[in-house]
Amino acid sequence: MARKILIAEDEPSIVRALEFLLKNAGYDVAVAYDGNEALRMIESSPPDLLVLDIMLPIVNGFEVCRRIREARVPGDTRILMLTARGRESEIKKGLDYGADAYMTKPFATRELLGVVAELLARGAAASNGRDSR
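Residues numbered from 1 in each chain as written. Predicted model: local features only at pLDDT ≥ 70, side-chain atom pairs only at ≥ 80, totals over all residues. Heavy atoms only, no water.

Participant: Just to check I follow, could you spell out the overall build of the chain for this structure?
Facilitator: For the chain, the count of helices and strands is five helices and five strands. Element order for the chain, N to C, with α for helix and β for strand: β-α-β-α-β-α-β-α-β-α. Sequence-distant contacts, at least 24 apart, represent 60% of the contacts inside the chain between residues at least 6 apart. With the model as given, the accessible surface of the chain reaches about 7,000 Å², and the carbon-plus-sulfur share is 50%. (Helix = DSSP H or I, 4+ residues; strand = E, 2+ residues; numbered from the N terminus. Contact = heavy atoms within 4.5 Å. Areas by Shrake-Rupley, 256 points an atom, 1.4 Å probe, with all protein chains shown as cover.)

Participant: Quick question: what am I supposed to make of the pattern of salt bridges here?
Facilitator: Any two side chains of opposite charge can pair if their charged atoms end up close together. Tallied over the entire structure, the rule returns 14 salt bridges. Here E19 and K23 are joined by a salt bridge, their closest N and O atoms 3.6 Å apart. With E19 and K23 both in helix α1 (residues 12-24) and four residues apart, the pair spans about one turn of that helix. Residue E19 is classed as partly exposed on the basis of its relative accessible area of 22%. In this structure, R78 and D100 form a salt bridge, with 3.3 Å as the shortest nitrogen-oxygen distance. Note that R78 is positioned in strand β4 (residues 78-83) and D100 in the loop between α4 (88-96) and β5 (101-104), a separation of 22 residues in sequence. (Salt bridge = Lys/Arg side-chain N within 4 Å of Asp/Glu carboxyl O. Buried < 20%, exposed > 50% of the residue type's maximum accessible area, 1.4 Å probe, protein only.)

Participant: Would you mind showing me how to read the pairing of strand β1 (residues 4-8) here?
Facilitator: Consecutive side chains of a regular strand alternate in pointing toward one face of the sheet and then the other. The element β1 is largely enclosed, with a buried count of four among its five residues. Relative to strand β2 (residues 28-32), β1 is paired through five bridges, and the arrangement is parallel. By the bridge assignment for β2, A8 is matched with A32. Handedness of the crossover joining β1 and β2 through α1: right-handed. Two strands pair when backbone bridges link them, and β1 and strand β3 (residues 49-52) are joined in this way by four bridges, in the parallel orientation. Looking at β3, one finds that I5 is bridged to L49. (Pairing = 2+ DSSP bridges. Right-handed = clockwise from strand over helix to strand, strands pointing away.)

Participant: How should the sheet that holds β4 be read in this particular structure?
Facilitator: Hydrogen bonds between backbone groups are what pair the strands of a sheet, and the pairing can be parallel or antiparallel. Taken together, the five strands give an open sheet; going across it, the order is β2-β1-β3-β4-β5, and neighbouring strands pair in parallel fashion. Each having just a single partner strand, β2 and β5 make up the two edges of the open sheet. Neighbour-to-neighbour, the strand axes of this sheet turn through a mean angle of 20°, independent of strand direction. Each of β1, β2, β3 and β4 is contacted by α1, which is oriented at about 165° to β2, the strand it contacts most. (Axes fitted to C-alpha atoms, helices over the stretch in contact; angles between N-to-C directions.)

Participant: Whenever I open this one, the nonpolar core confuses me. Can you help?
Facilitator: The tendency in soluble globular proteins is for nonpolar side chains to be buried side by side. Of all hydrophobic cores here, the largest spans 21 residues; its most connected members are I5, L49, L80, L112 and V116. Mapped onto this core, the elements with two or more residues apiece are β1, α1, β2, β3, β4, β5 and α5 (109-127). In this structure, I5 is in contact with L22, Y27, D28, V29, A30, P47, L49, V51, V116 and L120, ignoring residues within four places of it in sequence. Formed by 19 residues, the second largest nonpolar core is a distinct cluster that contains A8, L39, L52 and V59. (Core = buried A, V, L, I, M, F, W, Y, C linked by side-chain atoms within 4.5 Å.)

Rendered as structure tokens:
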């Protein structure tokens, strides 16, 4: 069964690129175009991984991340913040709010796929009681 990834991103060209990349890597991919939509989708069917932009309409990525972690979403969803915002203070804020990893755009395809695989492996280990975090 393919691992489920939710992309929360409002820029169509980035959505297309991420969808293509992740589907070709064998993942089941869904897309939310704003923060509210992402939260609704996570509540109804938690993904294994959320690829989350910060600059989302309605509810920004920091707030989405915070709400997910406070709600303790079932299924141990991992969060990868993927954003153009790369200042040290923003990275710290994202990680403090509960992101498991933080990458900036533009991103290297291999690096992104490596981080996705690592986060999903960490999530599987956590589900089996072996998380090293």
